[in-house]
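The lines below spell out each chain.
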Amino acid sequence: MSKVSRLKKIVRFSNVMRIGSVALIVALLISYLTPLIHPQHLWILPFFGLAYPILVFLSFIVILYWAFLRSAKWSITLLLLVVAGYPYFLRLFAYGESVKLPENAVTSIKVVSNNVQIFDLYDEDREKKYTTRDSIFNYVINQQPDVVCFQEFYKKDNPTEFQTTDLFRKEFDGADHHQRYIYKKTGRQHFGVVMFSRLPVIAKGDVIFESEDETNYNFCIYMDVVKNQDTFRVYNVHLQSFRISKIQDEGEGKSEVVKGIVQKLKTAYPKRADQAIRINEHIRNSPYPVIVCGDFNDTPVSFVYNQFQDHLTDAFLSCGSGIGSTYVGKLPAGRIDYVFHSPELVSTNFFIQKRAFSDHRAISCVVSKVK
């Protein structure tokens, strides 16, 4: 190959990198707007928030490329832009692990949260639901929590061979519970959320979403629990799901599947944002310190996360470590399950289940009131 041909290829590649750099700059700027603007105003914004970690990774590669070519204009511009998003970057990682209760802790309660994916009820292996249920229940009980929050919970009216609520209550020391379901008369089946408490419960309630209907089992419920004469309000949250039951990787109709997925995402984001706003209005009126657990179905760079992080503490960032990925399903989502709490409380011992028994890893945390 001649020197002229090589030079032309280098020039063409540099032009491609310039175009790519401009695209990265625009994409990063848009992703920084994601937590600030309601998705109903610009539906495509959440997709950039979802892609934020990938955009940062690509930016570092491009920065190294331009630095190697000693192009200060491009490398410094991209670097400054990445640094400008540092507050968002900090949401992706926890840098320290706190396992010791603070010396001034007066009351501590342990919470566990897990989306159980209806215990693999419809798996081709009919016996799998029993294995899944027993594995989840055994894991949670071994954590010795005070309060447990389940999402995508399933129960069937008695008589039934597949016990869930009654079985867990029995194994969980006869715990008090609160639940919210949609009910399918055919099959006498309930789908929704439930929470259990070993502690005394003085009140129970629901946060009603405008988007609720008979086919949607995304809910928010709460219980006021008492320990050592201190009262905490614990919320169990399951925000709007994407409702993508199956993704086809091969075969005809792939483009239609992709379009369908995009449409489901486009529909879910605004509903989830409205639900988050409604919950936070309720939280701000709580007479007690709050702990908010559940499946938020959104990443740390999102409008939904911002609604909670704005006035509550993210327990994982406070006392966890690593990237904290909680979703293990088909879509790349990362950390979408959270424990938030009032800023006057202190969290320790944040733990993410290593082996998931559903498409979500269980999370647990100890939250303490201090002097």
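### Quick look at the overall build of the protein
In terms of regular secondary structure, the protein is built from ten helices and 14 strands. For 371 residues, the compact-globule formula gives about 21 Å, and the C-alpha radius of gyration of the protein, at 23 Å, lands near that figure. For the protein, the spread of C-alpha atoms along the principal axes amounts to about 80 × 55 × 35 Å. Residue pairs at least 24 apart in sequence account for 73% of intrachain contacts in the protein once pairs closer than 6 positions are excluded. With an accessible surface of roughly 18600 Å², the protein has 56% of that area assigned to carbon and sulfur atoms. Computed over 44 positive and 36 negative side-chain charges, the inter-centroid distance for the protein is 9 Å.

### Some details on the side chain of Asp120
Note on placement: Asp120 falls in the loop between strand S2 (105-115) and helix H6 (128-142). Of the side chains with opposite charge, Lys128 comes closest to the buried, unpaired Asp120, at an N-O distance of 4.0 Å. Discounting residues that sit within four places of it in the chain, Asp120 has contacts with Lys128, Lys129, Thr132 and Phe357.

### Let's talk about helix H3 (residues 52-68)
End to end, H3 covers 24 Å across 17 residues, agreeing with the expected 24 Å (1.5 Å per residue, within 8%). For H3, the complete set of buried residues consists of Tyr52, Leu55, Val56, Ser59, Val62, Ile63, Tyr65 and Trp66. Arg70 lies just past H3 and shows a positive phi near 60°.

### Regarding the sheet that holds strand S7 (residues 220-227)
Reading across the sheet, the six strands line up as S6-S7-S8-S9-S12-S10 and stay open at both edges, with mixed pairing between neighbours. Each of the sheet's edge strands pairs with one partner strand only, and the pair in question is strand S6 (201-207) and strand S10 (313-314). Strand direction decides the pairing type here: strand S9 (residues 290-295) and strand S12 (residues 337-341), joined by five bridges, are antiparallel. Residue pairing for S12: Gly294 is matched across the bridge by Tyr338.

### A few points about the packing of H3 against helix H4 (residues 72-84)
Two elements in contact, H3 and H4, have axes whose closest approach is 8 Å; the angle formed by their N-to-C orientations is 155°. Taken together, the axes of H3 and H4 lie roughly antiparallel to each other. The handedness of the crossing between H3 and H4 is left-handed. Contacts between H3 and H4 involve Val56, Ser59, Phe60, Val62, Ile63, Trp66 and Ala67 from the first element and Trp74, Ser75, Leu78, Leu79 and Val82 from the second. Broken down by class, the residue content of the contact of H3 with H4 amounts to ten nonpolar, two polar and no charged.

### Things to note about the state of the cysteines
By definition, a disulfide links two cysteine residues through a covalent bond between their sulfur atoms. Counting across every chain of the model gives zero disulfides. Free of any disulfide, Cys319 has its nearest neighbouring cysteine sulfur in Cys365, separated by 4.3 Å. Residue class for Cys319 comes out buried when judged on its relative accessible area of 0%. The exposure class of Cys365 is buried, given its relative accessible area of 0%.

Parameters and conventions
- Residues numbered from 1 in each chain as written.
- Predicted model: local features only at pLDDT ≥ 70, side-chain atom pairs only at ≥ 80, totals over all residues.
- Heavy atoms only, no water.
- Helix = DSSP H or I, 4+ residues; strand = E, 2+ residues; numbered from the N terminus.
- Rg over C-alpha atoms; globule rule 2.2 N^0.38 Å.
- Contact = heavy atoms within 4.5 Å.
- Areas by Shrake-Rupley, 256 points an atom, 1.4 Å probe, with all protein chains shown as cover.
- Lys, Arg positive; Asp, Glu negative; His and termini not counted.
- Charge placed at Lys NZ, Arg CZ, Asp CG, Glu CD.
- Buried < 20%, exposed > 50% of the residue type's maximum accessible area, 1.4 Å probe, protein only.
- Salt bridge = Lys/Arg side-chain N within 4 Å of Asp/Glu carboxyl O.
- Expected span 1.5 Å × (residues − 1).
- Pairing = 2+ DSSP bridges.
- Axes fitted to C-alpha atoms, helices over the stretch in contact; angles between N-to-C directions.
- Parallel < 35°, antiparallel > 145°, perpendicular 65-115°, else oblique.
- Left-handed = near helix turned anticlockwise from the far one by under 90°.
- Nonpolar A, V, L, I, M, F, W, Y, C, P; charged D, E, K, R; others polar.
- Disulfide = S-S within 2.5 Å.

These results come straight from atomic positions and should not be treated as a statement about function.
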